[in-house]
Amino acid sequence: MAIISIASTKGGVGKTSLAFSLAKDLRYRYATNDMSVALQKYKNARYYPNKIPLYPDTVYDFGGFDDPHSEEILRQSDIIILPTTNDQNSILKSQLFIKNFREKTILVFANMIENPNDAMMIRQKIHEHFPGLAFTYLRRTKLLKNALESGLSATELYESNNHSQHIYKKAYAEYLKILNLFLDDDQTSE
Ligand SMILES: Nc1ncnc2c1ncn2[C@@H]1O[C@H](COP(=O)(O)OP(=O)(O)O)[C@@H](O)[C@H]1O
Ligand SMILES: [Mg+2]
């Protein structure tokens, strides 16, 4: 059981893509304050343009959290996943975000990584200011995009046929590291 928020102050970093797949794989509710195509692709997806409610077993896709109410949900979350891409602006915004939510459990999610060195560089820049903060990454891949477009989670797409298992092998292994954080957690709490 968990409240997972995926947030960033930057757009286009992969919040919706990850939120949709995680929600579907965990059989969690998907809730967003940002209009997104995920709403048409998942029966447990809901759009709350104004006051987004606090639920358990939910993945929140926060397109914006300028209002105090969304910030309150972020503060109540068990974990905030913070997608960050390899550009200075994204890293800077992530550093400011982490500062603002210093008391929270945050997973920095370096996304759209072109090569492993870039991931290590982002990790280093984050750890310079926030040593030991949880960090993971996902390569540049069509896995999440193709999953969302076909209305499948990353796992469902990966497992759909041999060709998918071949082309998404590495990307899916990276995605699975994130998914397993919550699957392992569910097992131990039962
Ligand atoms: N790991 C990745 N590699 C390549 N493209 C990605 C990756 N993750 C997301 N994308 C693409 O980046 C774009 C923005 O993603 P999206 O999830 O809409 O971001 P946000 O919700 O933060 O605005 C989409 O076209 C999506 O398919
Ligand atoms: Mg989005």
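Fair warning: this is a prediction, and the values are worked out from it, not measured in the lab.

Rules used in this analysis
- Residues numbered from 1 in each chain as written.
- Chains lettered and ligands numbered in written order.
- Predicted model: local features only at pLDDT ≥ 70, side-chain atom pairs only at ≥ 80, totals over all residues.
- Heavy atoms only, no water.
- Helix = DSSP H or I, 4+ residues; strand = E, 2+ residues; numbered from the N terminus.
- Rg over C-alpha atoms; globule rule 2.2 N^0.38 Å.
- Buried < 20%, exposed > 50% of the residue type's maximum accessible area, 1.4 Å probe, protein only.
- Areas by Shrake-Rupley, 256 points an atom, 1.4 Å probe, with all protein chains shown as cover.
- Lys, Arg positive; Asp, Glu negative; His and termini not counted.
- Charge placed at Lys NZ, Arg CZ, Asp CG, Glu CD.
- Near = heavy atom within 4 Å.
- Polar contact = N/O pair within 3.5 Å; in protein donor to acceptor, adjacent residues only side chain to side chain.
- Nonpolar A, V, L, I, M, F, W, Y, C, P; charged D, E, K, R; others polar.

When helices and strands are tallied, the protein shows eight helices and seven strands. Computed over C-alpha atoms, the radius of gyration of the protein comes to 16 Å, within 12% of the 16 Å expected from 2.2 N^0.38 for 190 residues, which places it in the range of a compact globule. Counting over 190 residues, the protein shows a buried share of 48%. Working note: accessible area of the protein is about 9,600 Å², and carbon and sulfur atoms make up 49% of it. Of the charged side chains in the protein, 23 are positive and 22 negative, and the gap between their average positions amounts to 5 Å.

This part takes up the site of ligand 1. Around ligand 1 sit 14 residues, and of these G12, K15, S17, N111 and T141 come closest. Separating an oxygen atom of ligand 1 from a side-chain N or O atom of S17 is a distance of 2.6 Å. N111 is positioned with one of its side-chain polar atoms (N or O) 2.7 Å from a nitrogen atom of ligand 1. Bound to the protein, ligand 1 loses 75% of the 560 Å² it would expose on its own. Only α1 (15-26), β6 (106-113) and β7 (134-139) provide two or more residues apiece to the shell around ligand 1. Counting residues per element, the shell around ligand 1 draws most heavily on α1, at three residues. Grouping the constituent residues of the shell around ligand 1 by class yields three nonpolar, seven polar and four charged.

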